[in-house]
Amino acid sequence: MTSTSTLSRRGTGGIGPVAISAVVVAGICVLPLLVILATATESGLGVAAQQVFRPRVGELLGNTVSLVLVTTTACVVVGVGAAWLVERTELPAARWWRLALVAPLAVPAFVNAYAWVSLRPSLTGLGGAALITTLSYTPFVFLPVAALLRGLDSRWEDSARSLGLGAWGTFAKIVLPQVRPALLGGALLVALHLLAEFGVLAMLRFPTFTTAILDQYEAAFDTTAGSVLATVLMVLTALVLTGERFARGRVSLARIGSGVRVQPQRVPLGRWAGPAIVGLTTWVLLSLGVPLYAVGHWLGAGGTPILSPALLGALSSTVGLALTAGVLTTVAAFPVALLLHRRRTLLTESIERITYFASSLPGVVVALALVTVAIRWIGPLYQTPFLLVIAYAILFIPRAMVSIRAALAQAPGGLLEAARSLGDSPWRATRRVLLPLIAPGLLSGFAMVFLATCVELTATLLLAPTGTTTLATGFWAASDSLDYGVAAPYALMMILVSAPLTWLLLSNSTKDTR
Amino acid sequence: MKRRHLPAVVAVAALALAACGSGDSATGEAPLDPSKLTIYSAQHANLVDAWVKGFTADTGIQVQVRQGKDSSMGNQLVAEGDKTQADVFLTENSPAMTVVQNAGLLSPVEQSTLDQVSQQYRPSSGEWVGIAARSTVLIYNPSKISEADLPASMLDLADPKWKGKWGAAPSGADFQAIVSGVLQAEGADRTETWLKGLKENAKVYQNNIATMKAVNAGEVPMGIMYHYYWYRDQALTKEGSANTKLHYFKGEDVGAFVSVSAGGVLKASTKQADAQKFLAWVTSAKGQEALVSSKSMEYAVGDGVASDPALPPLDSLQAPSIDPFTLDGPEVIKLMTAAGIL
């Protein structure tokens, strides 16, 4: 790290182009938040309060909160349990189980809901919504917890056991506290996804803030009433983020200094092997088997050709949008990542927080804000792909940032320094030395954004120019009229597109511990 | 980032580029062609296709269609104002057209076109014209409820007796048009009471088709929807309606409300003559027959054109007489929001 910091000090003498671009990007990210607050309160706080304190909002709040509580708890229980089985027991074929438990990420949640509803139409309400979202989101907990369990130093566990603590006691007192950051991070992701979820809940007829905002928009084009609901949703998002920060606390079980990490012993399952395998098999069948079976079933039953002109049109629109969004988002994330990498100041801290919070906001909030901006102030942008791509960039910028920052952290700083001392301008040095060094990070960031864009539904429904159909909206139009056969090819395409992302995530998390 | 990820990433990017190269445009839809007549349509795509094909074959005028939904498209036209690229607007229900008319964005429709349509299917203002019609119906599942037990009026569905017994899709423009009929016929107070009953009693579905299929599956005994979804399904596979029947309230009940699909010409259009020609063609005998043969199962509104023989004649439905121009969409949304439905 020392080498990079010497490079930085010279690179940021005063407010350079990097800082300016980073501030601009952060400004754009924070725009939705400001617009929503301004629109919600434009008729006065009294009117806004009236719109907040009405029975419907109470009902939506009850639904949203209970769904978040039920699903997050279920995801944590299943995710941690499965991670422990896979990483710390003598479960046969652990590698394959790991893959099978992460693979549901390749099935977008609304495709999973479509699969279940098409086979069991009576699946509705909180029960159905909690079931589908738990099946779809458990990998968010499983993935980080499994990665952490795999890398744990087992010395504390050995000490605990040698001091007389039982297997369960050791798990509760030693292992759980250590995986807490990963567990909370996963739970946070689940909760944020639930607040943003539209497709699953619309299909299962379980109204939450997100579905109600879209209803209001569809019905009345009314961005004020929608903005009031969106404000409540933003408050919920902020609460979830703060809650996670508090719960995380200060865990200090890290190993200090060098020394040999002790590879953990795998626990023999004994007579529990049977139930464990049955349990995991059931889970994989429900979370992966059902959607794949349903999509296959409807592909066969639909009788429509898979590669219809409509599907190809949607595919090309989707790819076009996703390419543009991928490039734009990566370019926008670059200066922010560079600035954050160089030095920690009040400015960089605030920029980091702002982009993080803005990107945690549900897609519907960001989209609603951009619609408002376009309709009221910059009319020509309304109904343009440009606006949609901006929404994607705001929503997905953290995905690009993570990759770029990881790459920056690994890039040796001395090389850039050498280029500068040999007379290269900062820009030339960046272009010739830094960019090639972090190119894989940029590419991986681009890929993350590209793939996320391909299956984005909520913001696309609001912002796609009339006549533009993406894979997600084409799928939605068909499954909304319960044309399951017509929807199936779109579902298949989205699964195929998402598969590489899943693989990327899995190999990233297995790599971390090597 | 480890180097071994690079191949995967490059593969994804290459695949993406290849897929992109096969499409015509990188940003989705090709931009509108200013030389063609542009139609913003919220009507069902197969019906509009039939009209466009017939019109172009007869007149040689090239047409392009932008597909959308009633409410958002109507409001989009208001947002676009005089900068719109639309020449013609077609809706599923008239309230969306009224929004555009109230913003002063429509040109009057030629008298000869208006004359092709029966008086009750065009507004008194003459600023737009009816192009099709759809009737409110009560769909029911005879194995769950017998015809004799059905409510006498749609307003009765607010009675506690029907709690959980009926379904509807109140977030859609179709149902909101029905509510606007209730508002027009019964006034704000009674509409409010009825909506409160709906909130208590109705199972909420995402659209008419979902309502129909729920009744068909016996999830709920009855549903309020438009007639043509049922007739279309009956004409095809009956997959979503085999176990159901339709009940018409008749007797000028609000539940016999007939919603008018509207066509209008935008004032901002630079192709006024062609746009008027399009409406004239759609409402002509030929255009209305194209509607019938498209099997959209919506009612024809052209004078002297018979609708699909499977449908009970439009004038036998005893619909309440309501000037479609007086339907107040925004007020309906307010009432529905106040009732906690939206």
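Conventions adopted
Residues numbered from 1 in each chain as written. Chains lettered and ligands numbered in written order. Predicted model: local features only at pLDDT ≥ 70, side-chain atom pairs only at ≥ 80, totals over all residues. Domains from an automatic or database assignment. Contact = placed C-beta atoms within 7 Å. Helix = DSSP H or I, 4+ residues; strand = E, 2+ residues; numbered from the N terminus. Nonpolar A, V, L, I, M, F, W, Y, C, P; charged D, E, K, R; others polar. UniProt positions renumbered as here; feature names shortened; annotations may be inferred. Buried ≥ 20, exposed ≤ 12 C-beta atoms within 10 Å, placed from the backbone. Pairing = 2+ DSSP bridges.

1. Overview of the domain arrangement of chain A
Residues and elements named next belong to chain A.
Right, so step 1: With domains assigned, chain A is organised as domain 1 (1-40 + 304-469) and domain 2 (54-252 + 273-302).
Right, so step 2: Contacts between domain 1 and domain 2 engage 22 residues on the former and 24 residues on the latter.
Right, so step 3: Looking at the side of domain 1 that touches domain 2, the elements with two or more residues in it are α2 (17-40), α15 (346-360), α16 (363-376) and α20 (458-463).
Right, so step 4: It is α16 that provides the largest number of residues to the side of domain 1 that touches domain 2, a total of six residues.
Right, so step 5: For the side of domain 1 that touches domain 2, the class distribution of residues is 16 nonpolar, six polar and no charged.

2. Concerning the UniProt feature "binding site: Fe cation" (unreviewed entry) in chain B
Residue and element names in this part refer to chain B.
Right, so step 1: UniProt records the feature "binding site: Fe cation" (unreviewed entry) at H44, E92, Y228 and Y229, using the numbering of this structure. The greatest C-alpha distance among the annotated residues, which extend across 186 residues, is 13.2 Å, indicating that they converge on a single site.
Right, so step 2: Along the chain, the position of E92 falls in the loop between β3 (88-90) and α4 (94-102).
Right, so step 3: Not counting residues within four places of it along the chain, the set of residues in contact with E92 comprises A42, Q43, D70, A173, D174 and S261.
Right, so step 4: By the element assignment, Y229 lies in helix α9 (residues 227-235).
Right, so step 5: Accessibility expressed as a C-beta count within 10 Å gives 23 for Y229, which makes it buried.

3. With respect to the domain arrangement of chain B
Accessible area lost upon the coming together of the parts is a frequently used measure of interface size.
All names here are of chain B.
Right, so step 1: The domain boundaries assigned to chain B delineate domain 1 (37-133 + 259-313) and domain 2 (134-257 + 330-338).
Right, so step 2: The distance between the C-alpha centroids of domain 1 and domain 2 comes to 26 Å.
Right, so step 3: With 17 residues of domain 1 at the interface, the matching set in domain 2 holds 12 residues.
Right, so step 4: Of all elements in the fold, only α3 (70-80) and α4 reach the threshold of two or more residues within the side of domain 1 that touches domain 2.
Right, so step 5: Class assignment of the residues belonging to the side of domain 1 that touches domain 2 gives a composition of eight nonpolar, four polar and five charged.

4. Overview of the environment of A160 of chain A
Residues and elements named next belong to chain A.
Right, so step 1: Along the chain, A160 falls in helix α8 (residues 155-162).
Right, so step 2: In this structure the C-alpha to C-alpha distance between A160 and Q178, which are 18 residues apart in sequence, comes to 14 Å.
Right, so step 3: Aside from chain neighbours lying at most four places away, what touches A160 is L165, T170, K173 and I174.

5. Topic: unusual backbone geometry
Right, so step 1: For R205 of chain A, which is not glycine, the phi dihedral falls at a positive 55°.
Right, so step 2: Tracing the chain through its elements places R205 of chain A in the loop between α10 (199-203) and α11 (209-220).
Right, so step 3: In this structure, M297 of chain B takes a positive phi of about 65° despite not being glycine.
Right, so step 4: Here M297 of chain B shows up in the loop between α11 (285-293) and α12 (329-338).

6. A look at the pairing of strand β8 (residues 222-226) of chain B
All names here are of chain B.
Right, so step 1: The element β8 is extensively covered by neighbouring structure, given that five of its five residues are classed as buried.
Right, so step 2: A two-sided burial pattern is seen for β8, the buried positions comprising M222, I224 and Y226 on one face and G223 and M225 on the other.
Right, so step 3: Looking at chain direction, strand β5 (residues 129-140) and β8 are connected through five bridges and run antiparallel. When the bridges of β8 are listed, L138 appears paired with I224.

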